[in-house]
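Each chain, written out:
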Amino acid sequence: NAGVTQTPKFQVLKTGQSMTLQCAQDMNHEYMSWYRQDPGMGLRLIHYSVGAGITDQGEVPNGYNVSRSTTEDFPLRLLSAAPSQTSVYFCASSWGTAQETQYFGPGTRLLVL
Amino acid sequence: QQPVQSPQAVILREGEDAVINCSSSKALYSVHWYRQKHGEAPVFLMILLKGGEQKGHEKISASFNEKKQQSSLYLTASQLSYSGTYFCGTEIGGGSNYKLTFGKGTLLTVNP
């Protein structure tokens, strides 16, 4: 099993550009989530999904969109990138709910100029 | 509501013990502990559920005081490999609330 994979590993964007961060898992997990990590702030939940077709907002959802058309994939879309979105983004998945072990992907480093 | 972790940082010599605390202002349904090494993804250590069930690491223990909304992670006889940033994640309410909220982290450095 590859576990949780994220692409790209690193991306530079200009303000106003859009892009999609990809996340995929091959463990048949129902629960998937996106976090951003900034220095001194810990991990902050952006969006999460409890199954295909079901998504909900986390703590910091503004500026991001998600969809979940399959169990395996959970892409995160930045509609119009801003310098405040410079961060490291982690995708995570687990079997059922937030009460289960979260398996994190390797992360995507995003720099918005 | 982000849980509060203490201390923010701790430096140990190999073999020493450490305790990392995590507290919340809201009633907790579960508490998770993860360790992250620099430049890597967080890695699961422990889950403590309301009612006392624990799932996790053999060499690391933790406690969960439901009445005080607090959890503590106990690292005994620390090894160099224990170095990293430790995060607690809290789930409030349980049931249909699937949100896991993480603290800001505790940086643990273990020196020879």
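The preceding data block contains the structure.
Residues numbered from 1 in each chain as written. Chains lettered and ligands numbered in written order. Predicted model: local features only at pLDDT ≥ 70, side-chain atom pairs only at ≥ 80, totals over all residues. Heavy atoms only, no water.

Talk me through the overall build of chain B; I want residue IDs and the actual numbers.
Secondary structure summary: chain B contains zero helices and 11 strands in total. Helices and strands appear in chain B in the N-to-C order β-β-β-β-β-β-β-β-β-β-β. Residues classed as buried in chain B amount to 45% of the 112 residues present. Entry remark: accessible area of chain B is about 5600 Å², with carbon and sulfur atoms responsible for 48%. (Helix = DSSP H or I, 4+ residues; strand = E, 2+ residues; numbered from the N terminus. Buried < 20%, exposed > 50% of the residue type's maximum accessible area, 1.4 Å probe, protein only. Areas by Shrake-Rupley, 256 points an atom, 1.4 Å probe, with all protein chains shown as cover.)

Describe the state of the cysteines, naming the residues involved and giving the relevant values.
All names here are of chain A. Inspection of every chain in the model, using the stated rule, returns two disulfides over all chains. Each disulfide pairs two cysteine sulfurs, and for C23 the partner residue is C91, the sulfurs being separated by 1.9 Å. Handedness of the C23-C91 disulfide follows from its S-S torsion of about -70 degrees: it is left-handed. With C23 in strand β3 (residues 19-25) and C91 in strand β9 (residues 87-94), the pair connects residues that are 68 residues apart, well separated along the chain. The pair C23 / C91 is uniform in exposure class, with both members buried. (Disulfide = S-S within 2.5 Å.)

Tell me about the side chain of B:T106, and name the residues and values.
All names here are of chain B. Within the secondary structure, T106 is located in strand β11 (residues 106-111). The class of T106 is buried, set by a relative accessible area of 0%. Looking at T106, its side chain comes within polar contact range of the side chain of Q5, at 3.2 Å. Dropping the residues within four chain positions of it, T106 is found in contact with Q5, S6, P7, Q8, A9, V10, I20, G84, T85 and Y86. (Polar contact = N/O pair within 3.5 Å; in protein donor to acceptor, adjacent residues only side chain to side chain. Contact = heavy atoms within 4.5 Å.)

How would you explain the interface of chain B and chain A if you had to name every residue and give the values?
At the interface, 25 residues of chain B touch 23 residues of chain A. Taken over both partners, the interface formed by chain B and chain A buries close to 1900 Å², and the fraction arising from carbon and sulfur atoms is 59%. Connecting chain B to chain A are zero salt bridges. The interface formed by chain B and chain A includes three residue pairs in polar contact (both at pLDDT 80 or more). Residue assignment for the side of chain B that touches chain A shows that the elements contributing at least two residues are β4 (28-36), β5 (43-49), β9 (84-92) and β10 (100-102) of chain B. A total of five residues in the side of chain B that touches chain A trace back to one element, the largest contributor, which is β4(B). (Buried area = accessible area lost by both parts, 1.4 Å probe. Salt bridge = Lys/Arg side-chain N within 4 Å of Asp/Glu carboxyl O.)

Could you give me a rundown of the sheet that holds strand β8 (residues 76-78) of chain A, with the residues and numbers involved?
Residue and element names in this part refer to chain A. Spatially, four strands are ordered β1-β3-β8-β7 in an open sheet, and the strand pairing comes out antiparallel. Either end of the sheet is taken by a strand with one partner, and the two such strands are β1 (4-7) and β7 (64-66). The sheet shows a mean angle of 20 degrees between the axes of neighbouring strands, direction not considered. When β1 meets β3, the two strands line up antiparallel, connected through four bridges. Residue pairing across strands places T7 opposite Q22, the latter belonging to β3. (Pairing = 2+ DSSP bridges. Axes fitted to C-alpha atoms, helices over the stretch in contact; angles between N-to-C directions.)

Please set out the pattern of salt bridges residue by residue, giving values where relevant.
Residues and elements named next belong to chain A. In this structure the tally under the stated criterion is two salt bridges over all chains. Between D38 and R36 there is a salt bridge, and its shortest N-O distance comes to 2.9 Å. Linking R44 and D38 is a salt bridge whose minimum nitrogen-to-oxygen distance equals 2.7 Å. In this structure, a network of salt bridges that share partners links the residues R36, D38 and R44.

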